[in-house]
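# Examining the three-dimensional arrangement
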Amino acid sequence: TILVYYYDFLFKIVLIGNAGVGKTCLVRRFTQGLFPPGQGATIGVDFMIKTVEINGEKVKLQIWDTAGQERFRSITQSYYRSANALILTYDITCEESFRCLPEWLREIEQYASNKVITVLVGNKIDLAERREVSQQRAEEFSEAQDMYYLETSAKESDNVEKLFLDLACRLISEA
Ligand code: GDP
Ligand code: MG
C-alpha cells in the first residue's frame, strides 16, 4: 500500500517579532493545542506542519518559528525567502514590542517577497489589566501599513485558530 499525503495547497508562514511576545506559544497552541507554562517554549525545530481543510480543500501550512534568533537580530534573508505569509507579533502588555514594529517592517521590505501577506498580531489579551498598547492605536497602525490586525491569547486560545484559518483563506484567494 502506498500512502499518499495529498493536499491542494502548501503555504509557508513565518512568525516574526520581538523575543518574548509569544510566537512559539502561538505556534504550539495552533499545532498542538498546548500552552506551555513558564519555560520550555522553544520548539527547537525549524518548522511545524498543520493541515487544515477549507471549503473542502486540504491546505498544508508549514509554520516557521524563530528558535531564539530574534534576540540576536540574526534573522536573515533565508528565513523570509519563500514565505507566503508573515505573522508579525507584538505583546499588548509590552509597549517596547509595539515600538519595534517599524524595524520589523523594514526587514520585511528588505527581505520578503513583495507578494507576502502580513498579519499584525497583538498577543496576550488575557492580560488585559496590563495592557500598554490600545486596540485603536494598533488598528490605526495596521491600517496605515495595509495589514490585517488581530488580537490573540495563546494562553486562553483566543483567536489563535481564527488567525491561521483566516490567513489560509486569504492565501488561497490570492494564490
Ligand atoms: P517568543 O519569544 O516570541 O517565542 O515567546 P514565547 O512563546 O516563548 O512566550 C514568551 C512568554 O510569554 C512565555 O513565558 C509565555 O508563557 C508567555 N506567553 C505567550 N503567550 C502568552 C499569552 O497569550 N498570554 C500570557 N499571559 N502569556 C503568554
Ligand atoms: Mg520563541
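Cut-offs applied
- Residues numbered from 1 in each chain as written.
- Chains lettered and ligands numbered in written order.
- Predicted model: local features only at pLDDT ≥ 70, side-chain atom pairs only at ≥ 80, totals over all residues.
- Heavy atoms only, no water.
- UniProt positions renumbered as here; feature names shortened; annotations may be inferred.
- Phe/Tyr/Trp six-rings, centres within 6.5 Å; stacked < 30°, edge-to-face > 60°.
- Helix = DSSP H or I, 4+ residues; strand = E, 2+ residues; numbered from the N terminus.
- Buried < 20%, exposed > 50% of the residue type's maximum accessible area, 1.4 Å probe, protein only.
- Pairing = 2+ DSSP bridges.
- Axes fitted to C-alpha atoms, helices over the stretch in contact; angles between N-to-C directions.
- Contact = heavy atoms within 4.5 Å.
- Near = heavy atom within 4 Å.
- Polar contact = N/O pair within 3.5 Å; in protein donor to acceptor, adjacent residues only side chain to side chain.
- Nonpolar A, V, L, I, M, F, W, Y, C, P; charged D, E, K, R; others polar.
- Core = buried A, V, L, I, M, F, W, Y, C linked by side-chain atoms within 4.5 Å.

Under an unreviewed UniProt entry, the name given to the protein is Ras-related protein Rab-30, and the organism recorded is Nyctereutes procyonoides. Listed in UniProt under the heading Cofactor (unreviewed entry), the comment for the protein reads: "Mg(2+)".

## Some words on the packing of aromatic side chains
Working definition: an aromatic ring pair is given by the centre-to-centre distance plus the angle between the planes. Considering all chains together, one arrives at nine aromatic pairs under this definition. Note on Trp-64 and Tyr-79: the rings are 6.5 Å apart at their centroids and 80 degrees apart in plane angle, and the pair reads as edge-to-face. Placement of the pair is Trp-64 in strand β3 (residues 57–64) and Tyr-79 in helix α2 (residues 77–80), with a sequence separation of 15 residues. Across the pair, exposure class does not vary: Trp-64 and Tyr-79 are buried alike. Where Tyr-90 meets Tyr-149, the ring centres are 6.4 Å apart and the plane angle is 15 degrees; that geometry is what we call stacked.

## A word on the sheet that holds strand β4 (residues 85–91)
As summarised here, the arrangement of the six strands in space is β2-β3-β1-β4-β5-β6, forming an open sheet in which the pairing is mixed. What marks the edges here is a single partner per strand, and that holds for β2 (47–54) and β6 (148–151). Within the sheet, the average angular offset between the axes of one strand and its neighbour, ignoring direction, is 25 degrees. In the sheet, β2 pairs with β3 via eight bridges, with the strands oriented antiparallel. Its bridge partner lying in β3, Ile-54 is registered against Glu-57. Docked against the sheet, helix α4 (residues 101–111) engages β1 (9–16), β4 and β5 (117–123), running at close to 165 degrees with respect to β4.

## Digging into the site of ligand 1
Among the 19 residues in the neighbourhood of ligand 1, the closest are listed as Gly-20, Lys-23, Thr-24, Asp-126 and Ala-154. Side-chain polar atom of Asn-123 to a nitrogen atom of ligand 1: 3.1 Å apart, as the coordinates give it. In this structure, a nitrogen atom belonging to ligand 1 sits 2.7 Å away from a side-chain N or O atom of Asp-126. Of all the elements, helix α1 (residues 23–32) adds the most residues to the shell around ligand 1, at three residues. Among the residues making up the shell around ligand 1, the classes are represented as eight nonpolar, six polar and five charged.

## Focus on the environment of Ala-83
Position of Ala-83 among the secondary structure elements: in the loop between α2 and β4. Separated by 34 residues in the primary sequence, Ala-83 and Ile-117 have C-alpha atoms spaced 8.9 Å apart. In contact with Ala-83, not counting residues within four places along its chain, are Lys-12, Val-14 and Val-116.

## Focus: the nonpolar core
One finds Ile-13, Val-59, Leu-61, Ile-87, Phe-164 and Leu-167 to be the most contacted residues of the largest nonpolar core, which totals 27 residues. Elements represented by at least two residues in this core include exactly β1, α1, β2, β3, β4, β5 and α6 (160–174). Those residues in contact with Ile-13 that lie beyond four places of it in its chain are Leu-61, Gln-62, Ile-63, Trp-64, Ala-85, Ile-87, Phe-164, Leu-167 and Leu-171. Leu-88, Ile-92, Leu-101 and Met-147 belong to the second-largest nonpolar core, a separate cluster that totals 24 residues.

## Re the side chain of Glu-151
You can see Glu-151 is positioned in strand β6. Taking relative accessible area as the criterion, Glu-151 reaches 9% and is therefore assigned buried. Leave out the neighbours within four places in its chain, and Glu-151 touches Tyr-90, Ile-92, Gly-122, Ile-125, Arg-131, Gln-135, Asp-158 and Asn-159.

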